[in-house]
Structure formats: C-alpha cells, structure tokens
Amino acid sequence: MKVIIGNDHGAVEIKQRIIKHLKTKGYEVENIGVDKGDSVDYPDIAEAACTKFQAGGYDYGIVCCGTGIGISISANKIDGIRCSLPQDCFAAEMTRKHNNPNFIAFGGRIEYKDSIEDMLDSFFDNDFEGGRHQIRVDKIMRLEK
Ligand code: RB5
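Residues numbered from 1 in each chain as written. Predicted model: local features only at pLDDT ≥ 70, side-chain atom pairs only at ≥ 80, totals over all residues. Heavy atoms only, no water.

Chemist: Any chance you could explain the side chain of His133 here in plain terms?
Modeler: Here His133 lies in helix α6 (residues 132-142). Take His133: its relative accessible area is 3%, and that puts it in the buried class. What His133 contacts, discounting residues up to four positions off in sequence, is Lys97, His98 and Phe128. (Helix = DSSP H or I, 4+ residues; strand = E, 2+ residues; numbered from the N terminus. Buried < 20%, exposed > 50% of the residue type's maximum accessible area, 1.4 Å probe, protein only. Contact = heavy atoms within 4.5 Å.)

Put into structure tokens, the structure is as follows:
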C-alpha cells in the first residue's frame, strides 16, 4: 500500500502521527507536506498531492490542514478525486465501505473523540462494499462532468 500525504502548517503534528501509524501497518508513505510551522496555502498542497496521485503509483492520498475542511474542498475540485473528511471511527469505516474515496482529510486543530490512529484503522481495515454503493459513487463522479 502506497500513500501520498500533504499538509499545511495547521496539521504538522497530526501528519507526523499519521505517517508513523501507517508505517507500523507496513505502508509506504510519501510526504509532500510541510514539517515546520511556516505558513503555506492549503489549496497548493491539495493540488500538489492530487496531481502526483493522478500521475499514478499511489493507492490513497491523505491531506490535512487546520480543520481538514479547506484542503478537502480543494482536493474535491480536482477531476477524479473523491476526498472524505471523517470525524470519527464510524464515519471513517462507513466512508470506506460506502463512498470508496481515494483521498481522506483530517484536521490538525480538531479535537476528535477518537484517536487519529483508530480512525486510520477504521478506514484502512475495511473494504468498499460495491453493489448499490458503486452506483452512487458513479453518480457522484458524473457530477464532475
Ligand atoms: C490555516 O490557518 C487554516 O485556515 C487551514 O489550515 C485550514 O484550517 C483551512 O481550512
């Protein structure tokens, strides 16, 4: 499993925790985000992560900003990207099973009730269910056209 991850200055610590946890799961993680607090613009990070993802070689992308909101909105503007913003383990599990996103987003300044590690496990340890959900995902993607 190869994951690309990008973040702005509002999500340095959560990005580092995500990388550490995914590596313990044996995943390869490419970090294109910032590792210091210097201010950057989250749409630029979303564009860089999604463009690299679209070029191929990655299974998933993760983007993080202070809330996860701005960077997920940005990612979802890019053709072919379906970025979820789960708020807890239940949402992380359900979005994998039902929405089959190729990107997930988190917020470094959000106080989640579940740990980021548990949310990642809820996402990555489940599978897309297909069937009626595939029909709905296809309809989502047709909205791009
Ligand atoms: C940056 O200060 C902040 O606006 C950004 O990280 C994010 O929260 C935007 O949605």
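Continuing now.
Chemist: Just checking my understanding: could you explain the site of the ligand for this structure?
Modeler: Surveying the vicinity of the ligand reveals the residues Asp8, His9, Tyr42, Cys65, Gly66, Thr67, Gly70 and Arg109. Here an oxygen atom of the ligand and a side-chain polar atom of His9 are 3.5 Å apart. Protein contact buries 71% of the 300 Å² of open area that the ligand shows by itself. For the shell around the ligand, a count of residues per class yields 2 nonpolar, 4 polar and 2 charged. (Near = heavy atom within 4 Å. Polar contact = N/O pair within 3.5 Å; in protein donor to acceptor, adjacent residues only side chain to side chain. Areas by Shrake-Rupley, 256 points an atom, 1.4 Å probe, with all protein chains shown as cover. Nonpolar A, V, L, I, M, F, W, Y, C, P; charged D, E, K, R; others polar.)

Chemist: Any chance you could explain the nonpolar core here in plain terms?
Modeler: For soluble globular proteins, nonpolar side chains are generally found buried alongside one another. Ile14, Ile18, Leu22, Ile62, Phe106, Leu120 and Phe124 are the most contacted members of the largest nonpolar core, which has 22 residues in total. Considering each element in turn, this core owes the most residues, 5 residues, to helix α5 (residues 116-124). Not counting chain neighbours up to four residues away, the residues in contact with Ile62 comprise Val3, Ile4, Ile5, Gly6, Ile18, Leu22, Phe103, Ile104, Phe106, Leu120 and Phe124. Listed in part, the 15 residues of the second largest apolar core include Cys50, Phe53, Val63 and Ala75. (Core = buried A, V, L, I, M, F, W, Y, C linked by side-chain atoms within 4.5 Å.)

Chemist: What exactly am I supposed to notice about helix α4 (residues 89-99) here?
Modeler: Given 3.6 residues per helical turn, the α-helix brings residues three or four places apart onto the same face. Residues of α4 that are buried: Cys89, Ala91, Ala92, Thr95, Arg96 and Lys97. In this structure, the buried residues of α4 make contact with β3 (60-65), β4 (83-84), α5 and α6. Its side-chain oxygen 3.3 Å from the backbone nitrogen of Phe90, Asp88 forms the N-cap of α4. Directly beyond the C-terminal end of α4, a positive phi value near 45° is found at Asn100.

Chemist: Is there a simple way to think about a positive patch on the surface in this case?
Modeler: On the surface, Arg132, Arg136, Lys139 and Arg142 cluster together into a patch of positive charge. As for its position among the elements, Arg142 is in helix α6. Residue class for Arg142 comes out exposed when judged on its relative accessible area of 54%. (Patch = residues over 30% accessible without salt bridge, like charges linked within 9 Å, V, L, I, M, F, W, Y side chains within 5 Å. Salt bridge = Lys/Arg side-chain N within 4 Å of Asp/Glu carboxyl O. Lys, Arg positive; Asp, Glu negative; His and termini not counted. Charge placed at Lys NZ, Arg CZ, Asp CG, Glu CD.)

Chemist: Mind showing me how you'd approach the sheet that holds β3 here?
Modeler: Strand pairing in a sheet takes place through backbone hydrogen bonds and is either antiparallel or parallel in direction. One open sheet accounts for 5 strands, arranged β2-β1-β3-β5-β4; its pairing is parallel. Every other strand in the sheet has two partners, leaving β2 (28-31) and β4 as the edge strands with one partner each. Relative to strand β5 (residues 103-107), β3 is paired through 5 bridges, and the arrangement is parallel. Bridge pairing in β5 links Cys64 to Phe106. Each of β1 (2-7), β3 and β5 touches α5; the most contacted strand, β5, lies at about 165° to it. (Pairing = 2+ DSSP bridges. Axes fitted to C-alpha atoms, helices over the stretch in contact; angles between N-to-C directions.)

Chemist: In this structure, what is going on with the pattern of salt bridges? I would like to understand it.
Modeler: Side chains that differ in sign of charge can pair as their charged atoms come close. Going through the model one piece at a time under the given rule, you end up with 11 salt bridges. Taking the shortest distance from any N to any O, the salt bridge between Lys2 and Glu28 comes out at 3.7 Å. Here Lys2 is found in strand β1, whereas its partner Glu28 is found in strand β2, with 26 residues between them in sequence. Glu28 sits in the partly exposed class, given a relative accessible area of 46%. For Glu30, the salt bridge identified is with Lys52, shortest N-O distance 2.6 Å. Taken together, the positions of Glu30 in strand β2 and Lys52 in helix α2 (residues 42-55) put the pair 22 residues apart, joining distant regions of the chain. Glu30 gets classed as partly exposed once you look at its relative accessible area, which sits at 22%. Among the ionic contacts, a cluster of salt bridges with common partners joins Lys2, Glu28, Glu30 and Lys52.

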